[in-house]
Every structure is written in structure tokens, then in C-alpha cells.
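Results of the structural survey
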Amino acid sequence: MKAMVLHAPNTPFVLEERPDPFAGQGEIVAKVLACGTGLTIHHAVRGRTDATFPRVFGHEILGEIVEIGASVAGFSVGDRVTTHAYITCGYCKWCKADREPLCDNLAGFLGRHVDGGYAEYVKLPARTFIKVPEALDYKKYPAEIAVICDAIVTPYKVLKRGRITPLDTVAVIGAGGGVGIHMVMLAKWAHARVIAVDKSMDKLAACREAGANMTIDASREDIAVALKEATGGGVDVVVDFVSSKATLEAGAQALGKGGRLVTLGGNASVPFEVSAANLLVKEIDVLGSKSFTAGEISESLELCARGEVWPLVTETWKLEEANTVHERLEAETITGRAAIVM
Ligand SMILES: [Zn+2]
């Protein structure tokens, strides 16, 4: 099979011919139809987060099952499937408690520690695959359906984690990014009032189109001051996709009573400061939202199948063009999502 292989961080992908995978016990092989690209893998491609090499990247996969190994039930050859990015054990207390991103025996992240979707075929443990509803037209929208398992489910999980309700005002920092713009979309779908924060006029315009009630240009305005001015008493929920020290501190300062600050980690592991007095007096929650469950992916696929929400894919590329799409991710010039379509 053809695969785009990365041999070391910060080097170009190399197009290689590799042996076709075969399904061992408990495994499934799927033909890749499309694979989303985004910052989660891009940070690893550029060496800012960990991965093992050589590696076939890509975790947002739409595929069609071509081979099923022994001891696998519930799937058939020809099923359309998508993937969960975490290779979990399925039996530890966190997996059993339906919080599988916290799995005690995590075998790694698809496309960073295990070969992923920048190839013609992908082989994974059966539990990593999730069936795609028949109602989703995978032939017409392969790129859109491929990215649901990240771009839609990540903000869908944040709605729950941040306890976002219809009367809340939600500020999204980094709102113009690939997942950020879907956060705007999902918060709007949940009937919240949405304030999009980003640094480019084009991205802020796209956020307004995605449903943002208001935008703040962080290249011109102080985020905390602007958010407090816009809301009077402060924001109910800040969802921070940038998660730098500066944005997290601004987000915490902008919260009103009962406020929730949700970080998605971003690219920074730098500590940030919040005032304990502020946490106490306003009863503020500081939360991390890590990935999502397979059940939440199924729910997100169903939401799209029902036409409640729909992912925004603005560009598609061929497998051989993986280097170009990662150059564009590095330059932050992609609004919405990009995907590789086979
Ligand atoms: Zn587990």
C-alpha cells in the first residue's frame, strides 16, 4: 500500500510503498476513504508533542472494513467506520466508568504511537472502530464524515464538561481554528450566546458565519477587558483552545459568578496563575476536557446524520499532498478543517 511516512519530527513526509496490513486476533483492517488533518497531529509532526517514529500519522479516519480478524464480533466486511484516537484497554476502572481517555493502560494515540490514516489501509484493534450511520452519505461527504470524530465530538464533549446551558454566555478563545470554529457552532446549537476570540479578521468573519453573536480581535484588544465589557458581570464559560499562560489567565479573569474555565491543552504545558480569592468568591471551576468517549463519537455522528450540526471542511488534499497541508497548518492559514481524501 501507499503511505505517507514521517521518519522524524520536523522532516517532510515521504511517500512509501509498505506491505498491506492483515488483521490479527481482535483486529480490523479498513480501507481509508478520507483522513482529517488538524493541530493535534500537526504539533506532533513538528515535534511539539510526543510521537514515535517512523510513523504514519492521521487519526480522523473514515474507512470501509476490508478484513476482520479472529474473535471480533459486531462488524462486517463493507461496514463504514470511523475511529477513536485513543487506543484504550476497555477493562480498567476509567474505561468501565465511561471515561476512557483516562485509561490506565493507554496503548497510545492513533497516528502518533500507532500507524494511522495517511495510508491506503489502516489496521487497529476492533474496539477503536465506530460504525458510521447509514444516513451519512460517505460517498458525497467523505472529508466531512472523517472529521466528525474530532472536530464535532471535541466541542460536543465540552458542552457536557463545561455544563453549557441555553442561557450561558460562552467565550471561545482560538475560535477560528479547526476545532474552535466547531465549538462556536456547537455552543450556538446548544442555544448559548457565543463570543469568538481570535486574531485574524478572516477567521473572526468565519466565526460570525458559524453563529458567533460577537467577536473580539485579540490582536487589538485585551481579552479579559473586552469580555468583561461585553458581558457586564463576566462570562459563564471560557473555552480556551490556545491555552497559553496569557489566554488562560485572561479567561479566568473574565469569568463571572459560577464561571467555568475549560482548557483543551493547546500547545502549552506552562503553569498559569489564578487567584484563589477569585475561585472562592465567584465559585469558579477550572476544568480540563480531554478527548471524548466512543459513545460521544456515536452521538456526534448521529447529530450530523440528523442535520443538527455539520462539520466545516474548507479544503481537501490528496495523500501525496500531506506536506502541503501541514505547511498550511503551520502557517495557521486554514479556516475550519482540512482533510485528505483518497
Ligand atoms: Zn482502560
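Below or above, wherever it landed, is the structure these notes cover.

**Some thoughts on the sheet that holds strand β8 (residues 169-173)**
Strand order in this open sheet of six strands is β10-β9-β8-β11-β12-β13, and the pairing throughout is parallel. Strands with a single pairing partner mark the edges of an open sheet, and in this sheet they are β10 (214-217) and β13 (285-288). Strand-to-strand twist across the sheet, computed as the mean angle between neighbouring axes with direction ignored, equals 20°. Packed on one face of the sheet, helix α6 (residues 223-231) meets β8, β9 (193-198), β10 and β11 (235-240) and runs near 160° to β9. Sheet strands touched by helix α7 (residues 245-254): β8, β11 and β12 (255-263). Its angle to β12, the strand with the most contacts, is close to 155°.

**A few points about the side chain of Asp-240**
Summarising the element assignment, Asp-240 is placed in strand β11. Despite its burial, Asp-240 pairs with no opposite charge; the closest candidate is Lys-199, at 11 Å N-O. At 2.7 Å, the side chain of Asp-240 and the side chain of Thr-247 are in polar contact.

**A short note on the coordination of the zinc ion**
At this site the zinc ion is bound by Cys-89 (SG), Cys-92 (SG), Cys-95 (SG) and Cys-103 (SG), with donor distances of 2.3 to 2.4 Å. Each of the four donor atoms around the zinc ion contributes to a set of angles spanning 103 to 117°, which defines the coordination as tetrahedral. Taken in sequence order, the residues that donate to the zinc ion follow the motif C-x2-C-x2-C-x7-C. Note on accessibility: Cys-89 and Cys-95 belong to one class, buried.

**Focus: the packing of aromatic side chains**
Applying the stated criterion across every chain, the model contains five aromatic pairs. Each ring, one from Phe-13 and one from Tyr-118, has its centre 5.5 Å from the other, and the planes form 55°; the classification is tilted. Taken as a pair, Phe-13 in the loop between β1 (2-5) and β2 (14-17) and Tyr-118 in the loop between α2 (93-96) and β6 (121-125) lie far apart in primary sequence, 105 residues in all. Taken individually, Phe-13 and Tyr-118 each receive the classification buried, so the pair is uniform in this respect. With a centroid separation of 6.2 Å and 35° between ring planes, the pair formed by Phe-53 and Phe-57 is classed as tilted.

**Some remarks on helix α10 (residues 322-330)**
Here α10 has its buried residues at Ala-322, Val-325, His-326 and Leu-329. Angularly, the buried residues of α10 cover 100° about the axis, an arc narrow enough to put them on a single face. Contact partners of the buried residues in α10: β1, β3 (27-37), α1 (39-45), β14 (313-317) and β15 (337-341). Following α10 by one or two positions, Glu-332 has its phi on the positive side, about 55°.

Calculation notes
Residues numbered from 1 in each chain as written. Predicted model: local features only at pLDDT ≥ 70, side-chain atom pairs only at ≥ 80, totals over all residues. Heavy atoms only, no water. Pairing = 2+ DSSP bridges. Helix = DSSP H or I, 4+ residues; strand = E, 2+ residues; numbered from the N terminus. Axes fitted to C-alpha atoms, helices over the stretch in contact; angles between N-to-C directions. Contact = heavy atoms within 4.5 Å. Buried < 20%, exposed > 50% of the residue type's maximum accessible area, 1.4 Å probe, protein only. Lys, Arg positive; Asp, Glu negative; His and termini not counted. Salt bridge = Lys/Arg side-chain N within 4 Å of Asp/Glu carboxyl O. Polar contact = N/O pair within 3.5 Å; in protein donor to acceptor, adjacent residues only side chain to side chain. Donors = N, O, S within 2.8 Å, 3.2 Å for Na, K, Ca; no water. Tetrahedral: all angles 85-135°; square planar, octahedral: opposite > 155°, others 65-115°. Phe/Tyr/Trp six-rings, centres within 6.5 Å; stacked < 30°, edge-to-face > 60°. Arc of directions from axis to C-beta.

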